[in-house]
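Breakdown of the fold
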Amino acid sequence: QALLIFTHVPNSMITVLVVVFALGSTLQTVAFLSGASSLPIVIDTDIGSDFDDSVALAFALQSSSLDVRLVVTATGDTSARARIVAKYLTAYGRDDIPIAIGISDNRTARGALYDWATDFNLDEYKGGVFSDGVGKMASTITELDMKQKVSIISIAPASNFPSLLQRFPDVVHHADVKAMSGSIYRGYGNASIPAAEYNVQHCPSCSDAMYRANWNVTTTPLDTCGVVRLSGKSWDVLLNSTNKVAPVLMESWIYWCLHRDACSLTPGSQTDVFFDAVAVYLCFPEDSSLINFEALKVEVTDSGHTVINDSMGSLIELALSWKEDGLKTFEMFLASAIGSES
């Protein structure tokens, strides 16, 4: 069960929301600030294929410590992906957020959510749709007059990054990167053998460019993001929420699930893995309370593997493991944030 406690910091406009979770015989707490300066973020996503991008977008929008300034689509039919984003944002009442169409790699594979959004006219989206996704990404980042850097949440193959870095090299001085990327010690399904993780394997040179650029990169490899699923009480939180976001998310999940071979709608079953939600959590100031980090030099191989290489690798801050009860706490926190009535 979760207990929400609101308290005010004296002599300020800041409210602290402390979420206390009862997990077995222990209590876990997660706190975040509302009313404080929120972190500006740009989301780079291949939404529409796997459902974790949809969850990550909802999580970011429902997190008061984050300020979504732009959503950029990546890989495949990036215009179709933009339509999915537009349908979500409009339904959520956040059609003030601009959408940028990223670089298409002309692959013909269609995501399970593409048809869910065909009834939405992208030309009528109120927040603006920009055909030069990389250009809009750069201008959004560099034109923000803020003391803190913009965080790019990369939850897709890094296909937009080589062009971004080549056309706008100064962007590295205004941004950092939080990415769902790679596999260090654990593979898919928490296997003991690392894997060529999809986002890296799709374009190894793109991930290498993102890693090697002169900005701070923090990643959640499969070691931490590859085990996040909702089930039981955390899943019930989303199913029972009546806010603007959760019912739309659940509607799209049912559509997505019905168009997938390996997806169960059976009550009480666990969800697919929500990899990308952890990349959003890396932007939270309290992320270290649940995750163990280590800075290591990582090399991207031609096969799409990410290996430790002290002489050739790029220094990356890696979310390598969950602290005790950290995973269960995060799963409940994720569901509670998306299902929040605020």
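Everything below is about the structure shown above.
Reading the values: the criteria
- Residues numbered from 1 in each chain as written.
- Predicted model: local features only at pLDDT ≥ 70, side-chain atom pairs only at ≥ 80, totals over all residues.
- Heavy atoms only, no water.
- Helix = DSSP H or I, 4+ residues; strand = E, 2+ residues; numbered from the N terminus.
- Buried < 20%, exposed > 50% of the residue type's maximum accessible area, 1.4 Å probe, protein only.
- Contact = heavy atoms within 4.5 Å.
- Areas by Shrake-Rupley, 256 points an atom, 1.4 Å probe, with all protein chains shown as cover.
- Salt bridge = Lys/Arg side-chain N within 4 Å of Asp/Glu carboxyl O.
- Pairing = 2+ DSSP bridges.
- Axes fitted to C-alpha atoms, helices over the stretch in contact; angles between N-to-C directions.
- Polar contact = N/O pair within 3.5 Å; in protein donor to acceptor, adjacent residues only side chain to side chain.
- Core = buried A, V, L, I, M, F, W, Y, C linked by side-chain atoms within 4.5 Å.
- Expected span 1.5 Å × (residues − 1).

Take the overall build of the chain next. When helices and strands are counted, the chain shows 11 helices and 13 strands. Considering the chain as a whole, with its 342 residues, one finds that 56% of them fall into the buried category. Residue pairs in contact within the chain that sit at least 24 positions apart in sequence constitute 75% of those at least 6 positions apart. For the chain, the exposed surface amounts to about 14,600 Å²; the carbon and sulfur share of it is 51%.

With that out of the way, let us pick up the side chain of Ser154. Its place among the elements puts Ser154 in strand E8 (residues 150-155). Under the relative-accessibility criterion, Ser154 is labelled buried at 1%. In this view, Ser154 contacts Asp44, Phe161, Val177, Lys178, Ala179, Met180 and Met210; residues no more than four positions away in its chain are not counted.

Attention shifts here to the pattern of salt bridges. Inspection of every chain in the model, using the stated rule, returns five salt bridges. Among the salt bridges present, the one from Asp67 reaches Arg69, with a minimum N-O distance of 2.6 Å. Its salt-bridge partner being Arg167, residue Asp132 comes within 2.9 Å of it at the nearest N-O pair. In this pair, Asp132 sits in the loop between strand E7 (129-130) and helix H3 (133-142) while Arg167 sits in helix H4 (residues 161-167), placing the two residues 35 residues apart along the sequence.

Taken in spatial order, the 10 strands line up as E7-E6-E5-E4-E8-E9-E10-E13-E11-E12 in an open sheet, and their pairing is mixed. The outermost strands of the open sheet, each flanked by one partner alone, are E7 and strand E12 (306-308). Strands strand E4 (39-45), strand E5 (66-73) and strand E6 (99-100) of the sheet are contacted by helix H2 (residues 78-91), whose axis makes an angle of about 150° with E5. Packing against the sheet, helix H6 (residues 204-212) makes contact with E8, strand E9 (175-180), strand E10 (217-220), strand E11 (291-300), E12 and strand E13 (314-322), and its axis sits at approximately 120° to E11.

Moving on, we come to the environment of Ser54. With respect to the helices and strands, Ser54 occurs in helix H1 (residues 52-61). Linking Ser54 and Ser252, residues 198 residues apart in sequence, is a C-alpha distance of 8.7 Å. If we skip the residues at most four places from it in the chain, Ser54 touches Ile47, Tyr88, Leu113 and Leu249. Among the polar contacts listed, one links the side chain of Ser54 to the side chain of Tyr88, at a separation of 2.9 Å.

All right, on to the nonpolar core then. If you look at the biggest cluster of nonpolar residues, it comprises 72 residues, and the most contacted ones within it are Ile41, Phe51, Phe59, Tyr88, Phe330, Leu334 and Ile338. In this structure, Phe330 is in contact with Phe59, Val228, Ala277, Val278, Tyr281, Leu290 and Trp322, ignoring residues within four places of it in sequence. One finds Leu144, Val150, Ala175 and Ile316 within the second-largest nonpolar core, a separate group that totals 35 residues.

Along its 14 residues, helix H11 (residues 326-339) runs 20 Å from first to last C-alpha, staying within 8% of the 20 Å computed at 1.5 Å per residue. Summarising burial for H11: 12 of the 14 residues are buried, a large majority.

Working note: non-glycine residues mostly have negative phi, and peptide bonds are mostly trans. Although it is not a glycine, Thr75 sits at a positive phi angle of roughly 65°. By the secondary structure assignment, Thr75 is in the loop between E5 and H2. Residue classification places Thr75 among the buried residues on the basis of a relative accessible area of 2%.

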